[in-house]
Every structure is written in structure tokens, then in C-alpha cells.
Amino acid sequence: MKILILGEYEKNGMKRATQSAIRFAQSIDPDAEIETIVIGWQMDSVIQDFKRWSNVLIADHESLAVPTADRYGRLLKTIVLERNADILLGATTTFCKDVLANAAGQLGGAMVGDIIGHDNRDGELLFQRPMYAGSVVATVRLIGTPKILTVRPSSYPPSAETGEIFTTTKMEIDAAVLPDLVRYEGLRSQSSSRPDVTEARVVVSGGRALKNSEDFETIVGGLADALCGATGSSRVLVDNGITPNELQVGQTGKIVAPDLYVALGISGAIQHLAGMKNSKTIIAINNDSEAPIFDVSDYGMVGDIYQIVPDLIKAFHAD
Amino acid sequence: MKILVTCKRVPDPDQKIRLQADSREIDSENLPYILNPFDAIAVEESLRIRETHGEPVEIVAIGIGVEECDKTLRTALAMGADRAVLIPWDSFLDPWNVSGILEKIIQRENPSLVLMGKQAVDGDSNQTGQMLAARLGWAQATFASRIEFQSGGKLKVERETDSGIETLGLNLPAIITADLRLNEPRYASLPSIMKARKKPIERIETSELGWAPDPKVEIINMSMPQTSRKKVRLTDISDLVARIKEALKTN
Ligand SMILES: Cc1cc2nc3c(=O)[nH]c(=O)nc-3n(C[C@H](O)[C@H](O)[C@H](O)COP(=O)(O)OP(=O)(O)OC[C@H]3O[C@@H](n4cnc5c(N)ncnc54)[C@H](O)[C@@H]3O)c2cc1C
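Attention here is on the structure that accompanies the text. (Residues numbered from 1 in each chain as written. Chains lettered and ligands numbered in written order. Predicted model: local features only at pLDDT ≥ 70, side-chain atom pairs only at ≥ 80, totals over all residues. Heavy atoms only, no water.)

Let us now look at the nonpolar core. The biggest cluster of nonpolar side chains holds 44 residues, and the ones touching the most others in it are Val43(B), Leu113(B), Leu115(B), Leu170(B) and Ile176(B). Broken down by element, this core gets its largest block of residues, seven residues, from helix α1 (residues 37–52) of chain B. Beyond its immediate stretch of four places on either side in the chain, Leu115(B) contacts Ile3(B), Leu4(B), Val5(B), Thr6(B), Ala42(B), Glu45(B), Ser46(B), Ile49(B), Ile147(B) and Ile176(B). By size, the runner-up hydrophobic cluster in this structure holds 41 residues, among which are Ile34(A), Leu149(A), Val151(A) and Val217(B). (Core = buried A, V, L, I, M, F, W, Y, C linked by side-chain atoms within 4.5 Å. Buried < 20%, exposed > 50% of the residue type's maximum accessible area, 1.4 Å probe, protein only. Helix = DSSP H or I, 4+ residues; strand = E, 2+ residues; numbered from the N terminus. Contact = heavy atoms within 4.5 Å.)

Put simply, an interface is often sized by how much accessible area is lost when its parts join up. Of the residues lining the interface, 83 residues belong to chain A; the matching set on chain B comes to 76 residues. Summed over both sides, the interface of chain A with chain B buries roughly 7,000 Å², with 54% coming from carbon and sulfur. Considering only the side of chain A, the residues that lose the most area to chain B are Tyr132(A), Arg183(A) and Tyr299(A), jointly responsible for 10% of the buried surface there. The tally of links from chain A across to chain B stands at six salt bridges. In terms of residues, the side of chain A that touches chain B owes the most to one element, helix α4 (residues 94–106) of chain A, which gives eight residues. Here the side of chain A that touches chain B is composed, by residue class, of 38 nonpolar, 25 polar and 20 charged. (Buried area = accessible area lost by both parts, 1.4 Å probe. Salt bridge = Lys/Arg side-chain N within 4 Å of Asp/Glu carboxyl O. Nonpolar A, V, L, I, M, F, W, Y, C, P; charged D, E, K, R; others polar.)

Turning to the environment of Ile147(B), a few remarks are in order. All names here are of chain B. Along the chain, the position of Ile147 falls in strand β7 (residues 139–150). The exposure class assigned to Ile147 is buried, which follows from its relative accessible area of 13%. As a C-alpha pair, Ile147 and Ile49 span 98 residues in sequence and 8.9 Å in three-dimensional space. Apart from the residues within four sequence positions on either side, Ile147 is in contact with Glu45, Leu115, Leu155, Lys156, Ile176 and Leu182.

This paragraph deals with the sheet that holds strand β10 (residues 174–178) of chain B. Here we have ten strands laid out as an open sheet, ordered β13(A)-β9(B)-β8(B)-β7(B)-β10(B)-β6(B)-β1(B)-β4(B)-β5(B)-β11(B), and mixed in their pairing. The open sheet has two free edges, formed respectively by β13 (182–188) of chain A together with β11 (201–203) of chain B, since each of these has just one partner strand. Averaged over all pairs of adjacent strands, the angle between strand axes in this sheet comes to 30°, irrespective of strand direction. Alignment of strand β4 (residues 58–65) of chain B against strand β5 (residues 83–88) of chain B, held across six bridges, turns out to be parallel. Looking at β5(B), one finds that Gly65(B) is bridged to Pro88(B). (Pairing = 2+ DSSP bridges. Axes fitted to C-alpha atoms, helices over the stretch in contact; angles between N-to-C directions.)

Residue and element names in this part refer to chain A. With seven of eight residues buried, strand β4 (residues 33–40) is to be regarded as a mostly interior element. As paired elements, strand β1 (residues 2–6) and β4 share five bridges and run parallel to each other. By the bridge assignment, Ile5 is partnered in β4 with Thr36. Strand direction decides the pairing type here: β4 and strand β5 (residues 55–60), joined by six bridges, are parallel. Within the sheet, the bridge partner assigned to Thr36 lies in β5 and is Val56. Viewed along the sheet, the connection from β4 through helix α2 (residues 44–50) into β5 turns out right-handed. (Right-handed = clockwise from strand over helix to strand, strands pointing away.)

Any aromatic ring pair is given by two values, namely how distant the centres are and how the planes are angled relative to each other. All names here are of chain A. On inspection of all chains with the given rule, the structure shows four aromatic pairs over all chains. Measuring from centroid to centroid gives 5.0 Å for Phe24 and Tyr156, while their planes differ by 75°, and the two rings are edge-to-face. Taken together, the positions of Phe24 in helix α1 (residues 16–28) and Tyr156 in the loop between β11 (147–151) and β12 (168–170) put the pair 132 residues apart, joining distant regions of the chain. In this structure, Phe24 and Tyr156 share a single accessibility class: buried. With a centroid separation of 6.0 Å and an interplanar angle of 90°, the aromatic rings of Tyr72 and Phe95 are classed as edge-to-face. One end of the pair, Tyr72, is in helix α3 (residues 69–83); the other, Phe95, is in helix α4, with 23 residues separating them in the sequence. Across this residue pair, the class does not change: Tyr72 and Phe95 are buried. When the ring centre of Tyr306 is taken as reference, the NZ or CZ atom of Lys211 above it lies at 4.1 Å. (Phe/Tyr/Trp six-rings, centres within 6.5 Å; stacked < 30°, edge-to-face > 60°. Lys NZ or Arg CZ within 6 Å of the ring centre and 35° of its normal.)

Right under this line is the structure:
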């Protein structure tokens, strides 16, 4: 089987999410020929890192400097057809959702998104994926090839490094054949010194109980820092402009599964649970003893986060 | 300008989902259905564009599905859409097939902008808009949190990505999928609900569109995931500290 993976990177290296996608590819077929595609411009240090995980197909060109779905989608279509690939896959991230579904629209549409498990039944691949905000898990099969997949990173541990250095292949890029339907005008992100919410071992999240960004920073940020963790938030705080969108955990935000998830003043709506219910340990603090979040928590404390959390932070700093 | 807005009928996300005995489908008996929340945001955005756009704007709501989608489309009409089209279909359709039907409708209606929800909260696929853009070769902007019309038919779209807010410039025709922060949909007033009853809902059979199903995804079965948690209540901060330390120690 020939599997292509759409790689994602930051500064100098592969994102953990892509390492999970590689692990998934290895687990659906241990004999698969795997190639990770890296698209962008001037990516030398990134490529050095990618070589540690699998064979690499490099699409390095000025015309690919910014990630637009029209160009990347067309390029992926060409690569899949040229390489006669059986599967094109990536992690469930906004980048892959945007680009891979566009590529799938040019490649016959056999796509399944956000895979959390798989089976091999008589040589046929079956995939598990959540529906209805995670209330239901469906087992599906795809009809036709190539198959386009996205894989939930928290369901597959990152691929292990073997010490092997893999081979790279550089593609010829003809910018003239690439579409030019959108202009990329920039990215605004709130730089944070904290780890990414999807990669951290500890996530401390805040909900409507937090009245403003200062309180969020002191209470949620304070506890996250004491535990060397990341901060997350419910939808409500993003809607109210208290937290940036990249912190939203849930059905339509990020999916996390850290060793410890601490929910502060979050009621536990199904859409929020969809993003964190597979965390190893869940701890909730909420002043409503009936809040549904307690039903999915290992440990709960009823009370005001404004009183409890500062004491908790103090206790950790005292250590 | 003509704007096409997609409107899917989905179970109310606040309701508990149950499965049928054969675990092939959800149990829809007594389940209240609503307009997919993301599609409601798309409808709202089309109305705001009409309210602020210099030229006349026609808004056409499209539904694909069972006869009851009629009600879902009435919601869009009550919010302010001008007319609606229902393509009757009574079994599961995957995103490839939905985008195939939409492509045919678009060839018939010739809109210059298609607004859709970024995902439907039943299937949670988040693929139909992208596949449609690919099929048509149109500009694509997913997860939109802001749409601004500029002079000369140009659009500026802000989109919510995992790493922050990205800005794209596009020309029409385009497919834009709505995220939560694009707007807050209005509630239809009683008079507009009354008025919507008189607005036309055209029915077009898939055969009339020259479309035939081409299934790509087959759902084999469904299950309800169970998680069991300890659910221990703590009252002392020191216990809380101990439990946190324990959780950090594992593995
Ligand atoms: C289409 C759609 C998609 C959605 N996607 C998401 C998503 O991805 N992520 C998400 O999170 N939500 C999502 N939602 C929203 C979701 O339904 C809930 O509205 C939201 O999660 C509630 O956020 P919350 O728990 O912060 O607020 P609330 O439900 O208002 O809960 C606040 C909680 O804080 C407690 N509290 C208040 N003050 C204090 C205090 N001082 N100390 C302790 N406790 C206190 C209250 O008892 C309450 O339980 C979505 C909704 C829809 C319709």
C-alpha cells in the first residue's frame, strides 16, 4: 500500500500531530510505503527534521510560501495521481480539514474525517469516527480509491523515532499551473509562552465563571503555570472576547486528551465534553453541585473558583 | 448579487441522542430537529450582506433531505431568505454526494456567493464546502469569523485556524463556510414567521437535476461510547493537591 501524509510543521520541526498521523499510517499497514509531503518555501531545517520520521516528498517553492487551499489542494491532487497513492492522510487540524477535503473534492470524494480507531476486516479497512458531538461513534468504510483521511492526533501516540535517516525527493513545481483564487494576507496569533493546548500533559480550562481576561490570566493561567500546563477555554469565553479562538476546546474547537484536565467554572455541555472527555484524569471545580461536568470527572470540588484556585496555586508554589 | 445558503435539518444539539435497536441509525422518534446552528449563522450573514450591500441581493436557501426539511427551510425564510429550494432525499448522503447535488443546483441558480456552515452538528464531517469549492474550481474560505465586502467585488475573509486568525482576500465566485464567531443569528419575529408561510419553496427532484448517487462512505454501525469516571467529591484543598500530583505522576 502507498500512503502519503500531509505534513505540518512549526519553526524547525514536524508537529506532533503529524507524528501521530505517521503512527496511524504505520499501524494500518506495517508494510506500507509511507511518504510525508512537506509543502512551503525555504524549509531546509524543517526537512532535516522530517527525515527522521519517514521518507519525505518536498514541494519547496515561492509559489507555495503560504498555505492556501486552492494551491495546496491542486498540488496534492497531482501528487496523489502521479504517485498512484492508495491513501492521502493528515491529522485532524484546521489546516488538513481545509486542504485535504479540497483535495478529496478533486479525487473522487472517498473521505473520512477525524478517525479515532480502525480495524482490518478481511483485508478491508474500517474506521471509527465520532458523530453528534461525540455522543455516537460510527464505524464506516470507504468506497473507492484514493482514500482521503484525517486522524485525531490524541487517538494515536506520536510515531517513535528509530534513529534511521530517511530519503528525500524534491518535486519540480510549475507555478503556472497552480490556481490563484485567494490571496493570503496574514495570520494574527496571540503568542503565548505556554505549551499548545493539544500537546500539553496538563490543560487547565476556564469557562463562563471567568469575568474578564485579567481574571482568566490570574486564575486559569496561574494554575496552568503552577502545573507547567497549557490553558484552554469553553466557547463562551471566546465568544466574549476573553480568550482567543485557538484556546477553544470542544466539538468545534480543539480536541485534547492530556494526562490531567482541570475544568474551572465550566458546566460540561456535550459540545465541550466532545473536546476533552478522553483525558486521563479530569478534575472539576464548580459552584453548582449539580453541574454535569461532575458526571465526567474523576475528582470534583464544589465551590467558588475565585476562592479555591488561588489557594491551590499557593499550595503548588509552596512546594 | 445572488447568495445561496445551505440549510441542513439536524437533531437539536441540546437533546440526548439514542440509537435504534439495530445500531445502524439514531433513534429519531420524538427528537426535535432544528436548522444546523452553523447554517443559521450562514443565513444570518447573508441577511447582513443584503442589509449593507449597495446593490440588490437575492438569498436562496437550499435544503436536501426528507419532507420535514420544509420546516427547516421555513426557519431560513422567516429569518429573511427570499425563497427556498428543497431537493427531496430520504437516506444518508455523504459529503461528496451532498456537494454533488449542490454543484448541480449552483449550475442552475448561478449564485456568485455560497455561504454554508463549516460543519453540520450531526455528522460533524466538515468537508462539504471544501469539496464543493474543489468541484467548481471556486475560491474557498473555511471557518470564517468575519466577511467584509470591498470595492470591485472583492472580499476579505478572516478565518479561525488552530494557530490564530488568518486573513484571505478573494474574488467572487466563492464558497465561504461559517464558524461560530461570524455573527449571532437573529430570532425570527412573529410577523416574519407569518410572512415566511407565503414564500415559495420549490421542490426539485434529483433526477431533474441530472444527478445520481455515488456513495463513498458507508456507515456500518454506530455505538454509544461509555466513559466511567470515579466521580469522587473532595472538600479539602490538600486532597485536591494530592490528586493533582497523583495524576501528574502516572506514566
Ligand atoms: C453548534 C455549537 C457548537 C459548540 N461548540 C462548542 C465548543 O467547541 N466548545 C465549547 O466549550 N462549547 C461549545 N458550544 C457551547 C456549549 O453548548 C456551551 O454553551 C458552553 O460549552 C458552555 O460554556 P461554559 O461551561 O463556560 O458556560 P456555562 O454553561 O454558562 O457554565 C458556567 C459554569 O460555571 C459555573 N460557575 C459560575 N461561576 C462560578 C464560580 N465563581 N466558581 C465556580 N463555578 C462557577 C456555573 O455553575 C456553571 O456550571 C457549542 C454550542 C453549539 C450550539
